[in-house]
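The primary structure of each chain is shown beneath.
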Amino acid sequence: MEKATRLFDCMAIQADKPRADLLIAKENGNWHSYSTQEVHTMVYQLAIALMDMGISAGDGTSEARDKIGLIGNGRPEWVIVDLAVQLTGAVLVPLYPNTSTKEIELILNEAGVKLMFVSNTELCEKIKQVSGNIPSLKGIYSFDKIDSCNNWTALLKPLTHNHQQRIKDASDEIKEDDLATIIYTSGTTGRPKGVMLSHKNILSNVIASGDVLAEVPISDKRAFSFLPLNHIFEKMCTYIYLFYGFSISYAESIDMIGANMRDVKPSIFTSVPRLLEKIFERIMVEGQKLSGAKRKIFLWSVKLAEQYEISGNSSWYSIKLAIADKLVYGKWRAAVGGNLKAIVVGSSATQIKLEKIFTASGMAVLEGYGLTETSPVIAVNHYNAPQRKFGTVGTVLDKVSVQIAPDGEILCMGPNIMLGYYKNPELTAEVIQDGWFHTGDIGELDANGFLKITDRKKEIFKTSGGKYVAPLPIENKMKENNFIEQMMVVGAGKKFTAALIVPSYTNLLPWCKQHDVPFTSHEELIKDSRVIALFQAAVDAFNPEFNHVEQVKKITLLPHEWSIDSGELTPTGKMKRKVIMEKYEAEIEKMYAGEANENPSLIPAQ
């Protein structure tokens, strides 16, 4: 790693210690392994094909470098295209599979994308819908073999010695500060921004985060990947795996994650908190099916895990934990392959309860924090106990500096800070001042150097009484209740704080059955007075932990879960607060109807 200065330098390191299973994916119903040699050969073949089509670094400036687009789910071909594009000096522009056609057209035109690589028929058709409005686009290639699109393997031709020299000549010109990729942020509001990241930006994060990963006691280096590879979190972690000798297995789909992990038996994977919530939800559903002594042991084990502390547990607690591990936790680990040591979590806040439960069961949750603009990691919890603390995003990464502005905003400086926003120097100047990147997040550093995120600067609102409310801590705390699946606190310009709540119907329906609450539909269920009382009681139990203005006085239950497809969540699972506010404007206004004349604390939930 000492000599590595570009992302594709991982290939030289891999060549010294080749693997027969560098990349693994399900193909035609069977797992197929790609060896180091196979991957490298295809990378070189594609690089030559791109050069033959005129793809190059141009004069070396960011705007002159050719841009290659890539859209689809994670799979070996993604890594191959990424590395091949880098070797030519061109720039990869990856997109989320669920990006709207309007945004695709905007992004491809702004970046001047010349070629597109797509995963399947659906995405090929999506690109074709807008291709006529993108003058720069010269070709579309598919990974799947489909009739409507050129297959990417048609580009791969036998290599000659001359080809190898051409690749070396081109790649030798690439420097660490050169642009490697433009990643368009999904954003919770507004137009996507093209974040320019250099080889040095991402590689600095790979090296520093790789040192953290090295603490995890992994004997069999197997990583599992299911997050979108165009997200900088998964992209950067992929390069950790590529530099540090891991094999990478790719999920068939979100629905197949559990089955796939049982097959490939990973030692580590990256996740977003939403998936951990879903995994735990499934664990609880299965546990609730038990009866008698088995059920009691299961519930006892869950309660025991919730009491876990990193800093140390009593001898008696450790004995009980060992018993629970033998009877219960071992089965949880077996459900994800049996070898899992750590789960690296990012993108949004993780419930402390879930961190404790997974860590107590032998699957350490390492929560980190960062942004696309910071390549992405700013801070992360280590595997070693002294540098891990529940409720924080860990300690600041090596060679990265953090300071807290007078208004509480987190500022960051280091080699991981982006080159800027593509074709948007004005916005770049707004967020990078005197070398410090303004994250837009509010946080604090404790005496031991642990960073804690308290809210988004733009999401803090002021009530009509002039008091500030930070919604994120309220939402995260109340979501610890098993019946609350999703929650958004509202109240900007209003007399009191209220909330929209999406129930966890997986947990609510068994409760309804137990309490003889009839079920016909979600819409009817949330109108039942007993269900409303259940959620009001859950909120009331948490309210004393917050000051008066932060306490949720009224709630509205919603019948359907917020999702990426329905537009309320970003591709990384963050709430689009503006979208939710607009979509449920009537429900919100109903909670505040007559607020000037009523004491909200005495009004029952709607």
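This text goes with the structure placed above it.
Since we're looking at a predicted model, the values are computed, not measured.

Draft legend 1. Representation of the environment of tyrosine 317 in the model. Turning to its location among the elements, tyrosine 317 is positioned in helix 12 (residues 315-334). Along the chain, tyrosine 317 and glutamine 307 lie ten residues apart, while their C-alpha atoms are 9.2 Å from each other. Sequence-distant contacts of tyrosine 317, that is, excluding residues within four places in its chain, are made with Leu304, Ala305, Gln307 and Tyr308. Looking at tyrosine 317, its side chain comes within polar contact range of the main-chain nitrogen of tyrosine 308, at 3.3 Å.

Draft legend 2. Examining the pairing of strand 22 (residues 451-456) more closely. When strand 21 (residues 436-445) meets strand 22, the two strands line up antiparallel, connected through five bridges. The partner of leucine 445 across the bridge, within strand 22, is leucine 451.

Draft legend 3. Just the packing of helix 7 (residues 199-213) against helix 8 (residues 232-243), in detail. Between helix 7 and helix 8, whose axes approach to 9 Å, the crossing angle comes to 65°. Classified by the angle between their axes, helix 7 and helix 8 sit roughly perpendicular to one another. Judged by the sense of rotation from one axis to the other, the crossing of helix 7 with helix 8 is right-handed. Two secondary-structure elements touch here, helix 7 through Ile202, Leu203, Asn205, Val206, Ser209, Gly210 and Leu213 and helix 8 through Ile232, Lys235, Met236, Tyr239, Ile240, Tyr241 and Phe243. Grouping the constituent residues of the contact of helix 7 with helix 8 by class yields ten nonpolar, three polar and one charged.

Draft legend 4. Molecular detail of the sheet that holds strand 12 (residues 268-271). If you walk across this open sheet you meet the nine strands as 2-1-11-10-12-13-14-15-16, and the pairing is mixed. Taken across any chain shown, the strands that pair with only one partner, and hence form the sheet edges, are strand 2 (30-34) and strand 16 (395-396). Note: strand 1 (residues 23-27) against strand 11 (residues 247-250), two bridges, orientation parallel. When the bridges of strand 11 are listed, isoleucine 24 appears paired with serine 249. Taken strand by strand, helix 2 (residues 36-52) contacts strand 1 and strand 2, and its axis lies near 70° from that of strand 2. Sitting on the sheet, helix 8 is in contact with strand 10 (222-225), strand 11, strand 12, strand 13 (342-345) and strand 15 (377-380), with an inclination near 165° to strand 12.

Draft legend 5. Highlighting the pairing of strand 2. Of the pairings in the sheet, the one linking strand 1 to strand 2 comprises five bridges and is antiparallel in character. Paired with leucine 23 across the two strands is tyrosine 34, which belongs to strand 2. Between strand 1 and strand 2, which follow one another and run antiparallel, lie two residues, and asparagine 28 among them has a positive phi close to 55°.

Draft legend 6. Region of interest: the sheet that holds strand 26 (residues 497-503). Strand order in the open sheet formed by three strands is 25-26-27, with mixed pairing between adjacent strands. Of all strands in the sheet, those bounded by a partner on one side alone are strand 25 (484-490) and strand 27 (552-557). Here the strands of the sheet are splayed against their neighbours by 25° on average, with no regard to which way each runs. Here strand 25 pairs with strand 26 via six bridges, running antiparallel. Within strand 26, the residue paired with glutamine 486 across the bridge is valine 502. Sheet strands in contact with helix 18 (residues 529-542) are strand 25, strand 26 and strand 27, and its direction is about 145° off that of strand 27.

Draft legend 7. Seen up close, the pattern of salt bridges. Throughout the structure, instances matching the rule amount to 34 salt bridges. Arginine 456 is the salt-bridge partner of aspartate 441, the closest N and O atoms lying 3.0 Å from each other. Highlighted residues: aspartate 441 in strand 21 and arginine 456 in strand 22, separated in sequence by 15 residues. Since its relative accessible area comes to 7%, aspartate 441 is described here as buried. With relative accessibility at 28%, the residue arginine 456 sits in the partly exposed group. If you follow the salt bridges from partner to partner, you end up with Arg274, Glu277, Lys278, Lys479, Glu485 and Glu561 in one network.

Draft legend 8. Empty space enclosed by the protein, seen in detail. Evaluated as defined, the whole model comprises two cavities of 30 Å³ or more. In this structure, the largest cavity spans a volume of roughly 180 Å³. Every residue lining the largest cavity is counted, 16 residues in all, and those nearest its centre are Glu277, Phe280, Glu281, Gln351 and Asn482. Elements with a contribution of two residues or more to the lining of the largest cavity: helix 10 (273-288), helix 13 (352-360) and strand 25. Among the elements that line the lining of the largest cavity, the one with the most residues is helix 10, at five residues. Residues that form the lining of the largest cavity fall into these classes: four nonpolar, five polar and seven charged. For the second largest cavity, the calculated volume is near 40 Å³. Only helix 3 (76-88) and helix 8 provide two or more residues apiece to the lining of the second largest cavity. Partitioning the lining of the second largest cavity into residue classes produces four nonpolar, one polar and two charged.

So, how was this worked out
Residues numbered from 1 in each chain as written. Predicted model: local features only at pLDDT ≥ 70, side-chain atom pairs only at ≥ 80, totals over all residues. Heavy atoms only, no water. Helix = DSSP H or I, 4+ residues; strand = E, 2+ residues; numbered from the N terminus. Contact = heavy atoms within 4.5 Å. Polar contact = N/O pair within 3.5 Å; in protein donor to acceptor, adjacent residues only side chain to side chain. Pairing = 2+ DSSP bridges. Axes fitted to C-alpha atoms, helices over the stretch in contact; angles between N-to-C directions. Parallel < 35°, antiparallel > 145°, perpendicular 65-115°, else oblique. Left-handed = near helix turned anticlockwise from the far one by under 90°. Nonpolar A, V, L, I, M, F, W, Y, C, P; charged D, E, K, R; others polar. Salt bridge = Lys/Arg side-chain N within 4 Å of Asp/Glu carboxyl O. Buried < 20%, exposed > 50% of the residue type's maximum accessible area, 1.4 Å probe, protein only. 1 Å grid on protein atoms, 1.4 Å probe; cavity = no way out; pocket = protein on both sides within 12 Å on 5 of 7 lines; lining within 4 Å. Points joined across faces, edges and corners; volume = space filled by probe spheres on them.

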